Each structure stands twice: as structure tokens, then as C-alpha cells.
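Overview (structure and organization)
Residues per chain are reported as follows:
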Amino acid sequence: MVLLNLSKFENIHMAQSLIEIRDLTKTYKTGGETTNAIQGLNLDIKEGEFVAIMGPSGSGKSTLMHILGLLDKPTSGTYSLNGTNVSKLKANQQAKIRNQEIGFVFQQFNLLARTSVLDNVLLPSIYGNLKSEVEAAKQLIERVGLQDRLKNKSNQLSGGQIQRVAIARALIMNPSIILADEPTGNLDSKRGKEIMDLFQSINKEGRTVVLITHEDEIAEYAKRKIVLRDGVIISDELN
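Residues numbered from 1 in each chain as written. Predicted model: local features only at pLDDT ≥ 70, side-chain atom pairs only at ≥ 80, totals over all residues. Heavy atoms only, no water.

**Remarks on the sheet that holds strand β3 (residues 50–54)**
In spatial order, the strands read β6-β7-β8-β3-β9-β10; together these six strands make up an open sheet with mixed pairing. Two strands lie at the open edges of the sheet, namely β6 (102–106) and β10 (232–238), each paired on one side alone. The sheet shows a mean angle of 15 degrees between the axes of neighbouring strands, direction not considered. In this structure, β3 lies alongside strand β8 (residues 208–212), joined through four bridges in parallel fashion. Bridge assignment links Ala52 to a residue of β8, and that residue is Leu211. Along the sheet, helix α1 (residues 61–68) contacts β3, β6, β7 (177–181), β8 and β9 (224–229); its crossing angle with β3, the most-contacted strand, is approximately 140 degrees. The sheet strands contacting helix α6 (residues 189–204) are β3, β6, β7 and β8, and the helix crosses β3 at an angle near 135 degrees. (Pairing = 2+ DSSP bridges. Helix = DSSP H or I, 4+ residues; strand = E, 2+ residues; numbered from the N terminus. Axes fitted to C-alpha atoms, helices over the stretch in contact; angles between N-to-C directions. Contact = heavy atoms within 4.5 Å.)

**Some points on the confidence of the model for the protein**
Across the protein, the average pLDDT comes to 90, with 91% of residues at or above 70. Segment residues 1–13 is flagged for pLDDT under 50; beyond a separation of four residues in sequence, or across chains, it makes 25 contacts in the model. (pLDDT = per-residue confidence, 0-100.)

**Description of the pattern of salt bridges**
All chains considered together, the criterion is met by 10 salt bridges. Residue Asp236 is joined to Arg224 by a salt bridge in which the shortest nitrogen-to-oxygen separation is 2.7 Å. With Asp236 in strand β10 and Arg224 in strand β9, the pair connects residues that are 12 residues apart, well separated along the chain. For Arg224, a relative accessible area of 10% translates into the label buried. Salt bridges sharing common partners tie together Glu49, Arg224 and Asp236. (Salt bridge = Lys/Arg side-chain N within 4 Å of Asp/Glu carboxyl O. Buried < 20%, exposed > 50% of the residue type's maximum accessible area, 1.4 Å probe, protein only.)

**Observations regarding the pairing of strand β1 (residues 17–30)**
Bridge count between β1 and strand β2 (residues 33–46): 10 bridges; the pairing is antiparallel. Note that in β2 the partner of Thr30 across the bridge is Glu33. In this structure, β1 lies alongside strand β4 (residues 76–81), joined through five bridges in antiparallel fashion. Within the sheet, the bridge partner assigned to Ile19 lies in β4 and is Leu81.

**Comments concerning the environment of Lys193**
Topologically, Lys193 is positioned in helix α6. Through-space distance from the C-alpha of Lys193 to that of Arg207 is 19 Å; in sequence the pair is 14 residues apart.

**Regarding the nonpolar core**
In terms of nonpolar packing, the biggest core is built from 40 residues, with Val105, Ile167 and Phe199 touching the most fellow members. Of all elements in the fold, only β3, α3 (117–127), α4 (134–143), α5 (159–171), β7, α6, β8 and α7 (216–219) reach the threshold of two or more residues within this core. Take this core: its biggest share by element is seven residues, from α5. If near-sequence neighbours (up to four positions away) are discounted, Val105 is found in contact with Gln163, Ala166, Ile167, Ala170, Ile178, Leu179, Ala180, Asp181, Pro183 and Phe199. Among the nonpolar cores identified, the runner-up in size contains 28 residues, and Leu18, Ile21, Leu81 and Val86 belong to it. (Core = buried A, V, L, I, M, F, W, Y, C linked by side-chain atoms within 4.5 Å.)

**Brief notes about the packing of α5 against α6**
Between α5 and α6, the least distance of the axes is 10 Å, while the angle of their chain directions is 20 degrees. Classified by the angle between their axes, α5 and α6 sit roughly parallel to one another. In this structure, the crossing between α5 and α6 has a hand that is right-handed. Only Arg191, Glu194, Ile195, Leu198, Phe199 and Ile202 of α6 make contact with α5, whose side of the interface consists of Gly160, Gln163, Arg164, Ile167 and Leu171. Of the residues belonging to the contact of α5 with α6, the class tally is six nonpolar, two polar and three charged. (Parallel < 35°, antiparallel > 145°, perpendicular 65-115°, else oblique. Left-handed = near helix turned anticlockwise from the far one by under 90°. Nonpolar A, V, L, I, M, F, W, Y, C, P; charged D, E, K, R; others polar.)

**Quick word on the packing of aromatic side chains**
Here the structure, examined in full by the defined rule, presents one aromatic pair. Each ring, one from Phe104 and one from Phe106, has its centre 5.5 Å from the other, and the planes form 5 degrees; the classification is stacked. Judged by its relative accessible area of 14%, Phe104 falls in the buried class. (Phe/Tyr/Trp six-rings, centres within 6.5 Å; stacked < 30°, edge-to-face > 60°.)

Below you can see the structure in the form of C-alpha cells.
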């Protein structure tokens, strides 16, 4: 099993807020119509939490995920990550933080199709201009149970195996947070359970996980469930 560097995840019970959102709004204008996707939202997520963000279509959960992942900027309000107001940073500064501090797992997997499992996992470290951490990547691939698939191309894998590669890739930079956007949406129930069991295991090691989902049974894997509707939080409770 891979030995992750968990120094920044120690003393979870005394953890400080990893994410602080204050008075966040996001407004879209299309033609003469204005849509308030996020409306004055306040949210704290502490280190080591496993949070599921839920809501129907149009609730604002995808918009919030894009803002959390520094893929979009709020219209107003602040988003602080590890004590830094990242919502006000320039695009190149946000890109650096996104690469180093945020690991993404998407419903569509987003792997390079004709690239090996090993090279897919190494991709964020290459993008970050770091030395190729081949041994760390191999350990992560073993961690997700694919040590016998190192040289396989991603288009030679099943959907569940591809998502495991995506999880290993998300961990390669030792990020502060894993953002998972509907990670089981393209999987059958058996493979979906395997992926969620893996997320639970990763969280138990101290990793912060934020999960976007519309499925109640998937949200039950998290320790905390937040429900959005019309861009506001209507419930926030522990599972």
C-alpha cells in the first residue's frame, strides 16, 4: 500500500477550515436574462472531511464545484483555500494552485485514451514541471488495485478501472482536496460501490473529499451532506 505524506492531515479532530466561502454569488447573463446560480452562499469545510454536495438540476451544485476547483470565478464574495483568498488571484496563479492543491475526478474520467495507465497518472506532475515521480505513481496505481495494468492503455480498461486510474492521477500531487464530480455516474452499481469504498478509504487516511452527486445512496458514503436549491444551502447535516 502506498504511504502518503499525511503530515498536513494530522490532528483532524482539531482541524481548521480548509475551505472558507463567504457571501458567494455567481450570476450568468444570457441575452437579456439574468440567472443567479449561487446566491450569498456561506460554507466552511475542514481538513479531513468527506462532504457530499447534492441538489436537483439547476440547484447550483455544478457551479459551486467549478468555483471550488478554480475552474470558474464568483461574481462576488470570497473563496479561501488554505487561508488564501484564491478567488481574487490571477489566472496563472489559480492554475498553479489548481495543479498542486486540487485533485479532480470527473464523471467522464478525462484520461488520455491511447496513453498508458502509468503515464496518465504521471500527467499532473509533468504539467507541474516536477521530476517524474514514477515510483510514487506506481505506488498509487497499486493503491487503487491496478498494479497489473501499468502498461495498459486507458482504452483497454473497463469503466471502473478507468475511474481508479483517475483517482490515482488525482492523488499524484498530494493535493489538499479531492473534488469528485458525479464519479459513479457512468458506472454500474457494483463498480460504483467499489469506487465509493475507495473514496472512503482515502478519506480515512486523512484526505479531504468533496463529492458532487444527485444520488442519495452515493451521498450516504460521505460524513456530511449539504443540499442546495436555487443557489442556496437548504440543509447541512452529518450522516
